[in-house]
Amino acid sequence: MATVTAKRTSSSSSAAKKLKNPVASVYVYKGVDKKGNKIQGEINGTSPAIVKAQLLKQGISAKTVNKKAKPLFSSKKPIKPADIAVFSRQMATMMKAGVPLVQAFDIVADGLDNPSLRDLILTIRDDVAAGGGFAPSLRKHPKYFDDLFCNLVEAGEQAGALETMLDRIATYKEKTEALKAKIKKALTYPIAVIVVAIVVTGILLVKVVPQFAETFGSFGAELPAFTLFVLHLSELAQDWWFIFLIGAVAVVFSLKEMIRRSYSFAYLVDKYLLKVPIIGKILYLSVMARFARTLSTTFAAGVPLIDALTSVAGAAGNRVYSEAIIGVREDVSTGIQLNTALRTKNLFPTLLVQMSAIGEESGALDEMLDKVAVYYEEAVDNMVDSLTSLLEPMIMSVLGILVGGLMIAMYLPIFQLGQVI
C-alpha cells in the first residue's frame, strides 16, 4: 500500500512540475485598447487565460484569444553553430547579472527570432526545471551540444561557478565560429568563381558557339585548328551536357558519402588537403589555433589534462591531428610532459611546443595556450586576407582566358576571311 501511495505521490509531483512549467505557445488575439481602438497581434503565453491577463495588464481587453495555427507546409529554420554561440553568450550574460537559471532560459527564448532554437531552449528549460540538471539536459541534444560543451557546463555546475564557465564557453564558441567563418571565406570565394566560370563556359558552348557554327558552314573554307577544337567541344557539350551535370553531382555526392562513411578515405582527404598550396597552410594554422583554444578553455575550467586532450582530439577538425592528439594523450597518461609528447609527434610547431613547456614550468598552461591561440587566429586572418588579394587577379585572368579564348576562336575565321578578301 505504501508503494502505491509513493507512486501516486511521485506521479502527482511530476504532474505538478509539468503544470508549474508548461510550454509556452504563440497566441493570436483581437480586442480593444483603453481608447476603444481595435487592436490585434501575437503574444507568447502558456494558456488563453494567462494571455488575457497579460493583455489586461497592458491595457488591452481581449475579445478572442486563439493559439496560432501551424502552417501545413512549414520549413523550420535550422539551428546553426553560430546560433549556439549566441545562446551561450546570452546565458552567460543572464547568469552574470544574477538571473536564476530557469528564468534566464525564458528571457533568452523570448528574444529569439528562430522558432527551432526557441523550442530547443524551452525544452532544455523544462528538463532543468524538472530537476534534470543543466549538463544532462544538454546531453539529450548531441546534435547541437557536443561533449566538450556539456563537459564544461558540468564542470561549472560541480564547481559552483556556472556563470564563469558559461562566459568561458561563450568566448570559446565565438572565437571558434569566427575562425570557421574565416576558413569558409578562404574556400568559398575561389570555389564560387570556378563554378561560375564553368557555368558561363558551358552556356557559351551550348548556346552561343552553335550560332557561329551555322555561319561558318556557309564559308566553304577550311577553319583554323583552334576554331575546330572549340566547335568539337561545343558538339560534345550539346550532346552530353546532361550526363556531365549528373556526373558532377554524382561525384560530389559520392565524395561526401565516402568521407562520411570511410574513416580511412576521410583521413587521406585531410592529409592531402594539408599539402595543398596556401589552402593547406590556412587549414594547418586553423587546426593549431583550435587545438590551443580548446585545450586552454578546458584546462582553465579544471578539467584534467588527459580528459581535456580527449575533448581537443574531437574538436581538432582534421583527422591527421586528431590521431596525433590521441597519441599525445596516451603519452601524457604515462607521465610524459605535454611539451615532450607534442615534440615527439613532429606535427606541432615549435612555438606551440615551447609555450607549452613554459606554461607547464610556470603553472600557467592555460594562459600560455590562450596566447598561442590568439597568435594563430591572427595568422589565419592575415592568410585569408592575403589569399583573397592574391586570388582576385588570378581568377580574373582565368575568366579572361576562358571567355576570351572562346570569343577569339569564333572570330578568328572571320578575321582570316577579311584578309583573303
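These figures come from a predicted structure and were not determined experimentally. (Residues numbered from 1 in each chain as written. Predicted model: local features only at pLDDT ≥ 70, side-chain atom pairs only at ≥ 80, totals over all residues. Heavy atoms only, no water.)

Trainee: Just to check I follow, could you spell out the overall build of the protein for this structure?
Mentor: Helix and strand counts for the protein come out as 16 helices and three strands. The buried share among the 421 residues of the protein stands at 37%. Contacts in the protein between residues far apart in sequence, at least 24 positions, make up 59% of those at least 6 positions apart. With the model as given, the accessible surface of the protein reaches about 24,400 Å², and the carbon-plus-sulfur share is 62%. (Helix = DSSP H or I, 4+ residues; strand = E, 2+ residues; numbered from the N terminus. Buried < 20%, exposed > 50% of the residue type's maximum accessible area, 1.4 Å probe, protein only. Contact = heavy atoms within 4.5 Å. Areas by Shrake-Rupley, 256 points an atom, 1.4 Å probe, with all protein chains shown as cover.)

Trainee: Whenever I open this one, the confidence of the model for the protein confuses me. Can you help?
Mentor: Note: predicted coordinates in regions of low pLDDT should not be interpreted at a detailed level. Scored by pLDDT, the protein has a mean of 79; 89% of the residues are at 70 or more. Below a pLDDT of 50 lies the segment residues 1-21, which in the model reaches four contacts outside its immediate sequence neighbourhood of four places, other chains included. (pLDDT = per-residue confidence, 0-100.)

Trainee: I would appreciate a short explanation of the side chain of T294 in the present structure.
Mentor: Examined against the element boundaries, T294 turns out to sit in helix 11 (residues 279-300). According to the relative accessible area criterion, T294 is buried, its value standing at 1%. A distance of 3.0 Å separates the side chain of T294 from the side chain of Y172, its partner in a polar contact. Apart from the residues lying within four places of it in its own chain, the contact partners of T294 are L148, Y172, S311, V312 and A315. (Polar contact = N/O pair within 3.5 Å; in protein donor to acceptor, adjacent residues only side chain to side chain.)

Trainee: Just checking my understanding: could you explain the packing of helix 4 (residues 101-110) against helix 5 (residues 115-129) for this structure?
Mentor: What describes two packed helices is the angle between their axes and the distance between those same axes. The contact between helix 4 and helix 5 brings their axes to 9 Å, and the two run at 170 degrees. Taken as axis vectors, helix 4 and helix 5 run roughly antiparallel relative to one another. Here the hand of the crossing between helix 4 and helix 5 comes out left-handed. Here L101, V102, F105, D106, V108 and A109 of helix 4 lie close against helix 5, whose contacting residues are R118, I121, L122, I124, R125, V128 and A129. Counted by class, the contact of helix 4 with helix 5 contains 10 nonpolar, no polar and three charged residues. (Axes fitted to C-alpha atoms, helices over the stretch in contact; angles between N-to-C directions. Parallel < 35°, antiparallel > 145°, perpendicular 65-115°, else oblique. Left-handed = near helix turned anticlockwise from the far one by under 90°. Nonpolar A, V, L, I, M, F, W, Y, C, P; charged D, E, K, R; others polar.)

Trainee: So what exactly am I meant to see when it comes to empty space enclosed by the protein here?
Mentor: Here the structure, examined in full by the defined rule, presents one cavity of 30 Å³ or more. For the largest cavity, the calculated volume is near 30 Å³. Lining of the largest cavity is provided by D146, L148, F149, I169, Y172 and K173. Elements that contribute at least two residues to the lining of the largest cavity include exactly helix 7 (147-159) and helix 8 (162-217). Top element by residues in the lining of the largest cavity is helix 8. It accounts for three residues. Of the residues contributing to the lining of the largest cavity, the split by class is four nonpolar, no polar and two charged. (1 Å grid on protein atoms, 1.4 Å probe; cavity = no way out; pocket = protein on both sides within 12 Å on 5 of 7 lines; lining within 4 Å. Points joined across faces, edges and corners; volume = space filled by probe spheres on them.)

Trainee: What is the right way to read the nonpolar core from this model?
Mentor: General note: in soluble globular proteins, nonpolar side chains tend to be found buried as a group. Ranked by internal contacts, the top residues of the largest apolar core, which has 84 residues, are F134 and F348. Tallying contributions element by element places helix 16 (residues 365-420) first for this core, with 12 residues. Not counting chain neighbours up to four residues away, the residues in contact with F134 comprise L101, F105, I124, V128, V153, E157, L162 and L166. Judged by nonpolar contacts, the second largest core, of 11 residues, contains L205, V230, L231 and A409. (Core = buried A, V, L, I, M, F, W, Y, C linked by side-chain atoms within 4.5 Å.)

Trainee: Whenever I open this one, the environment of T227 confuses me. Can you help?
Mentor: Assignment of secondary structure puts T227 in helix 9 (residues 225-261). The class for T227 is buried, based on a relative accessible area of 0%.

Trainee: Sorry, what's going on with the packing of aromatic side chains here?
Mentor: Each aromatic ring pair is characterised by the separation of its centres together with the angle its planes make. For the structure shown, the criterion picks out nine aromatic pairs. Positioned over the ring face of Y272 is K271, at 6.0 Å from the centre of the ring. (Phe/Tyr/Trp six-rings, centres within 6.5 Å; stacked < 30°, edge-to-face > 60°. Lys NZ or Arg CZ within 6 Å of the ring centre and 35° of its normal.)

Trainee: Help me understand helix 13 (residues 319-333), please; the structure alone is not making it clear to me.
Mentor: Along an α-helix, residues three or four apart share an orientation, since each turn contains 3.6 residues. With 15 residues, helix 13 ought to run about 21 Å at 1.5 Å a step, and its terminal C-alpha atoms sit 21 Å apart, in line with that. On its buried face, helix 13 sits against helix 10 (263-273), helix 11, helix 12 (305-314) and helix 14 (338-345). The N-capping residue of helix 13, defined by a side-chain oxygen 3.0 Å from the backbone nitrogen of V320, is N318. Phi turns positive, to about 105 degrees, at G335, one or two residues after helix 13. (Expected span 1.5 Å × (residues − 1).)

Trainee: Before we go on, may I ask you to explain the side chain of T297 in this structure?
Mentor: Here T297 is to be found in helix 11. Owing to a relative accessible area of 9%, T297 belongs among the buried residues under this scheme. Here R293 takes part through its backbone oxygen, which lies 2.8 Å from a polar atom of the side chain of T297. Residues contacting T297, with those up to four places away along its chain left out, are L152, R168 and Y172.

Trainee: Any chance you could explain the pattern of salt bridges here in plain terms?
Mentor: If the charged atoms of two oppositely charged side chains come close together, the side chains can form a pair. Within the structure shown, the criterion is met by 13 salt bridges. The partner of D126 in a salt bridge is R125, with the nearest N and O atoms 2.8 Å apart. Between D370 and R293 there is a salt bridge whose closest N-O contact spans 2.5 Å. Here D370, found in helix 16, pairs with R293, found in helix 11; they are 77 residues apart in sequence, far enough to count as distant. Beyond isolated ion pairs, a larger network of salt bridges with shared partners links R89, K96, D167 and E174. (Salt bridge = Lys/Arg side-chain N within 4 Å of Asp/Glu carboxyl O.)

Trainee: It is not clear to me how the packing of helix 3 (residues 81-96) against helix 4 should be interpreted in this structure. Could you clarify?
Mentor: Direction vectors running N to C along helix 3 and helix 4 enclose 130 degrees, while the axes themselves pass 10 Å from each other. Between helix 3 and helix 4, the angle falls in the class oblique. Seen from above, helix 3 lies across helix 4 with right-handed handedness. The segment helix 3 lies against helix 4, with F87, Q90, M91, M94 and M95 engaging L101, A104, F105, I107 and V108. For the contact of helix 3 with helix 4, the class distribution of residues is nine nonpolar, one polar and no charged.

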